[in-house]
Structure formats: structure tokens, C-alpha cells
Amino acid sequence: MNDLSPASTSLLDFLIDRINIGIFAVNRNMECTLWNCFMESHSGVAAASVLGKNLFQCFDELPHNILYHKINSVFILKNFAFTSWEQRPYLFKFRHHRPVTGPVEHMYQDCTFIPLKDEAGEVQQVCVTLVDVTDTAVYQKMMKEAMASLAEASNRDGLTGIYNRRFIEEILNKECQRVQRYGGTLSLAFIDLDHFKKINDTHGHLAGDNVLRASSTLLSESLRQSDFLGRYGGEEFVAILPATHIEGAHILAERLCRHMAGITVQYNDIDIPVTASIGIAEWQPTMVRYENLIKAADHALYQAKAEGRNCVRRGT
Amino acid sequence: MTMNNANLSIEQIDALQEIVNIAMGQAGDSLARVLDSFVRLSVPRIRLINAPQISQYIAEIVGDAEQITAMRQSFYNNFCGEALTLFSSEGCRDLAPLMGYQQPLDAETEKELLFDISNILVGACLNGIAEQLGADLNFSAPSIMAANVASSQLFSPDTLPWAYALQVEVNFSLEDHKFKSHLIIMLAEDAIIALGDSLNSFIEAI
């Protein structure tokens, strides 16, 4: 950079001024020594108004302490310093270039602080480049939202919208580990629609789907906020009942059973009556694994089926 | 250890050790001015390491720290490489006031603080080395390599694009603070040759 001809010097000046990146510099007194066109047009403050003035006095929105330490470290250590939009979205609260399409409120910025040394190698000024990374920030935000909705979708049953078997087992596993470690109570209910195959055979699979959807809606409305409802498979639902002992679970299951028997599902002007059998079980420390709680509730469900359906049975 | 073509001569290693010692001394001084407290540094250790043994080396450096957080930062120009800063899980927060941060820190600000700390450690040490070698380095922004992992999980030796590397290691701590960190500067294969050339010029100039 030592042997620049006048022509190339002016080319450099032109580039620094007009490049699509903010460039400014400060001396040891934090007075501005450079303020390019990008900085002018985004801050709305002309170079003539900031040059020779203290940067922090011109812009009181700047994070004074952190920025001061950062610039000071560049003077002392002769190192580079940085800010990244992910931790600090902006230094200057500039408007972004997406007045029409932008779902964001300001320009996201990545800044680099560069030491400008004199011939003796001492840092006399610190140059700051400010890059507009709003697009990157917007795409990252969209990607995060997409990932979150994918994660949510992968936990849900496609037909009923309640949790699927994989996710409900995951929750059950965590709940079992929690009571095993910290104590407390936990119950599980297996809910199976009665004579569901007959509904499918008589009225068709679309009618069956309607019954499954109506049942899951009714069950989730009848459960408490802290309970978890999932579709275990076919016409079988599972409800995890945290902080609930077997007596409480029994009362709740009887209520579910009554509610189910109280509805009919309409399909093509046909009223389809529904009932459910329910098996319940309470977590015992001797069970050790969540699969054993499932086994106990499933066994109780088998009994409820065997003993006439539309009823609740307890397992151990 | 056989490191054939990219190995540094004993004379080169001696010169590098001397340069690094001086650089770290200066770095300690400047960091003390930035942080306004006394900085303790270990004697820098220089060695050539093999990729398959990388996890052993890291475990040796961090000692019994159960979980570590690692920042990485690239440097380039006359020679290029990456600098790693390893922190044990806690002990950075008490540096916040020294760096102009207000407590309490939220998760993102704490990350920014870690970036700032590793950036000044890396910058202070590498600039001291570069200056003596007549080199002028550029730096990229630091990024997180891993957060709260076991030291064995930091690298997966199978995927490393190098077989051997030069490692300069120095430990930092601050008087009256819990803060402790390890700085590891690593140059892989070809970069060692470039550094060797710079060292030769340095030796000739003495």
C-alpha cells in the first residue's frame, strides 16, 4: 500500500467511500477520522457532522462500555476485534434494505475492528467495517422456524393431531425416570375404542377416521392441562397422568368412559355410537422401566375388554 | 516422532520457542493493561502432534476439567492456522465487568463475552509472534467449536484434514479471579513449511 500512484489513490478513496459496506475509523480520543457513504446514508448523519467529533457523543445509542473496551483493546493489543449479529444484532440502529419484504425491524450487522498502524507499528486509529447481514439473519430465522415446525410435526399423529406413539413413549420414559429419581406419583391410562373394526367394516374407513378424530378431541378436552394424550396405534389411545395416584386415575378414567359413551359421531347423516374400554395402572418403583407400566395398563385394558367393555379396570 | 518433510529443525524450534516466549511475555503485559489485572501465563509449550492422538493431547492440556467450551479463530496471510481457546465450564463470568459487560449476562451476551475474551487472548499472542517474524496477520471472527463437551469429544480424529500439526500451547489465569483458559495455536502441515521459511529469515537476520 506504499507506492500508490495518484490515480490508484483516488480509486481507493472512491472504493472506500462507495463500497456497499460501512467503513469508519476513530483515533485514540474516539474521534471519527473516516465516515464513508454507506455510514452517511444509513445513519442520516453526514461525514462533515461526525469527522473530528467523539463517536459516542454523536451516537448515544451505541453500547458505550462494551464498544469502548473493544476499541481500546485494539489500540493496546494491536489485534482485530469483532461483533457478530447472532450475539449483538447491531451496533448502529440502521434501517434495513427490506422496507417491503422484510420481517425484521433493523439492519443486522457484523463488524470487524482493524488496527491501523503507523510506520513505527503503533496503532493510531481503529478502522471499523460494518457488513449488512440482514439477509443471512432472515434466512436463519426462517430456517429455525421451519426446523421447529418439522420437529413439532414429527411428534404428531397425522390423522388426529395428538402426539404419536414415538413421542408419547419418549414423554412416558422421562416421566417414569422423574418419579423414580425424585418420587411422586404417576399413572397411565390405555383407552381403546370398542368394536372399532365393526365401524370400519359397516360404515367405511372414512367414517372410522371421523370417529378417531372426534374421540381424540373429546379425550383431550376431558383431560387436565398437565396430562399428555397420544395415539398409540389403530384405535388405541394413551394418556399419561403425572402426579396422579391410582384412585385419582380411576375417577378420571370413569369420567372419560362416560364422556365417550355420551357422544355419537355423525358421518353422512348416520349417527355412530362410540364407547371405550380403559385400563389404568400406577407407577411402582419396582417397575424400573416405563415398558412395565405400559404392560400393566395394557393388561388392565385386556381385562376391561374381557369383562364386557365400556368400563375401567386397574392393573398392577 | 517422525514428521518427515514438514518437521522443523532443532534450530528452528529453538528460535520459535524464543519468539513465543517473548510474545507471550508481551501479551501478558498488554492483557494486563486491557483487563486491568495481573495476568499469569505458563511457559509456552511447542510440540508436533499426530492427528490420531489429538484427544489425548487435549485431555492432557485441560486436565481434570469435566466439560469444556472451545472457541476457534482463523488467522492467515504469511502463514495460516487456527487458534483454539478452551474454557472450563465456569469462570468466565467474573471477567464480564473487566470487559465492559454488565451483570447479569443473558445466554447470548455470555457467548459474546467468551468471543471477546478468546479474541483478545488469540490476538495478543499471535500478534507478538507475527511482529517478531515480520509478518502481518489477518484474523477472522471467532466462532464456537463446542460448548460444554467432554475433552474427548472436541475433535473427531478420523475427519481431520491433516496428519500432523504444530501446536503452541499456553495457559492463562488472572490474579484474584477464577478465570482460567488454555490457548492452543495450531498450524497444519503446509503451514508449518511456511512458518519454517519465516523462521529461517529470522535466524539469518540475527
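What you see is a predicted model, and the numbers here were worked out from it, not measured in a lab.

1. Looking at helix α4 (residues 190-205) of chain B
Over its 16 residues, α4 of chain B extends 23 Å from the first C-alpha to the last, a length consistent with the 22 Å expected when each residue adds 1.5 Å. In the core, the buried residues of α4 of chain B are packed alongside α1 (10-35), β4 (81-88), β7 (164-174) and β8 (180-188) of chain B.

2. Looking at the interface of chain A and chain B
On the side of chain B, 20 residues touch chain A, which itself brings 17 residues to the contact. Listing elements by their share of the side of chain A that touches chain B, those giving two or more residues are α5 (64-77) and β3 (81-83) of chain A. In terms of residue count, the dominant contributor to the side of chain A that touches chain B is α5 of chain A (eight residues). Here the residues of the side of chain A that touches chain B are counted per class, giving seven nonpolar, eight polar and two charged.

3. A look at the sheet that holds strand β12 (residues 312-314) of chain A
Residue and element names in this part refer to chain A. Taking strand neighbours across the sheet as the criterion, the five strands line up as β7-β8-β6-β11-β12 in an open arrangement whose pairing is mixed. Each of the sheet's edge strands pairs with one partner strand only, and the pair in question is β7 (228-233) and β12. The average angle at which neighbouring strand axes cross in this sheet is 20°, direction not considered. Looking at chain direction, strand β11 (residues 276-282) and β12 are connected through three bridges and run parallel. Following the sheet pairing, G279 is matched in β12 by R313. Relative to β11, helix α10 (residues 246-261) is tilted by about 170°, and along the sheet it contacts β6 (186-193), β8 (236-242), β11 and β12.

4. Focus: the pairing of strand β4 (residues 109-117) of chain A
All names here are of chain A. Relative to β4, β3 runs antiparallel, the two being bridged by three bridges. Bridged to F82 within β4 is T112. Between β4 and strand β5 (residues 123-132), which pair antiparallel and follow one another directly, the connecting turn spans five residues, one of which, G121, has a positive phi of 85°.

5. Examining the packing of helix α8 (residues 196-203) of chain A against helix α9 (residues 205-222) of chain A
Residue and element names in this part refer to chain A. Running from N to C, α8 and α9 cross one another at 140°; their axes reach a closest spacing of 6 Å. Between α8 and α9, the angle falls in the class oblique. Judged by residue contacts, F196, I199, N200 and H203 of α8 engage H205, A207, G208 and V211 from α9. In the contact of α8 with α9, the residues fall into four nonpolar, four polar and no charged.

6. Notes on the environment of L16 of chain B
Within the fold, L16 of chain B resides in helix α1. Separated by 88 residues in the primary sequence, L16 of chain B and P104 of chain B place their C-alpha atoms 42 Å from one another.

7. Here we look at the domain arrangement of chain A
Assigned domains within chain A: domain 1 (6-141) and domain 2 (154-314). On a C-alpha basis, the centres of domain 1 of chain A and domain 2 of chain A stand 60 Å from each other.

8. Some points on the pairing of β7 of chain B
Residues and elements named next belong to chain B. Burial analysis of β7 places nine of its 11 residues in the buried class, the great majority of the element. Bridge count for strand β1 (residues 39-41) against β7 is three bridges, and the pairing is antiparallel. Looking at the pairing, R40 lines up with S173 of β7. With six bridges joining them, strand β2 (residues 45-50) and β7 adopt antiparallel strand pairing. If you follow I49 over to β7, its bridge partner there is A165.

9. A closer look at the sheet that holds β3 of chain A
Residues and elements named next belong to chain A. If you walk across this open sheet you meet the five strands as β2-β1-β5-β4-β3, and the pairing is antiparallel. For this open sheet the edge positions go to β2 (32-35) and β3, each flanked by a neighbour on one side alone. Between one strand and the next, the sheet's axes are offset by a mean angle of 15°, whatever the strand orientation. Relative to β5, α5 is tilted by about 130°, and along the sheet it contacts β1 (22-27), β3, β4 and β5.

10. Remarks on unusual backbone geometry
Despite not being glycine, K78 of chain A has its phi angle at roughly 60°, a positive value. Unusually for a residue other than glycine, D36 of chain B sits at a positive phi of about 55°. Position of D36 of chain B relative to the elements: it lies in the loop between α1 and β1.

Rules of the game
- Residues numbered from 1 in each chain as written.
- Chains lettered and ligands numbered in written order.
- Predicted model: local features only at pLDDT ≥ 70, side-chain atom pairs only at ≥ 80, totals over all residues.
- Helix = DSSP H or I, 4+ residues; strand = E, 2+ residues; numbered from the N terminus.
- Expected span 1.5 Å × (residues − 1).
- Contact = placed C-beta atoms within 7 Å.
- Nonpolar A, V, L, I, M, F, W, Y, C, P; charged D, E, K, R; others polar.
- Pairing = 2+ DSSP bridges.
- Axes fitted to C-alpha atoms, helices over the stretch in contact; angles between N-to-C directions.
- Parallel < 35°, antiparallel > 145°, perpendicular 65-115°, else oblique.
- Domains from an automatic or database assignment.
- Buried ≥ 20, exposed ≤ 12 C-beta atoms within 10 Å, placed from the backbone.

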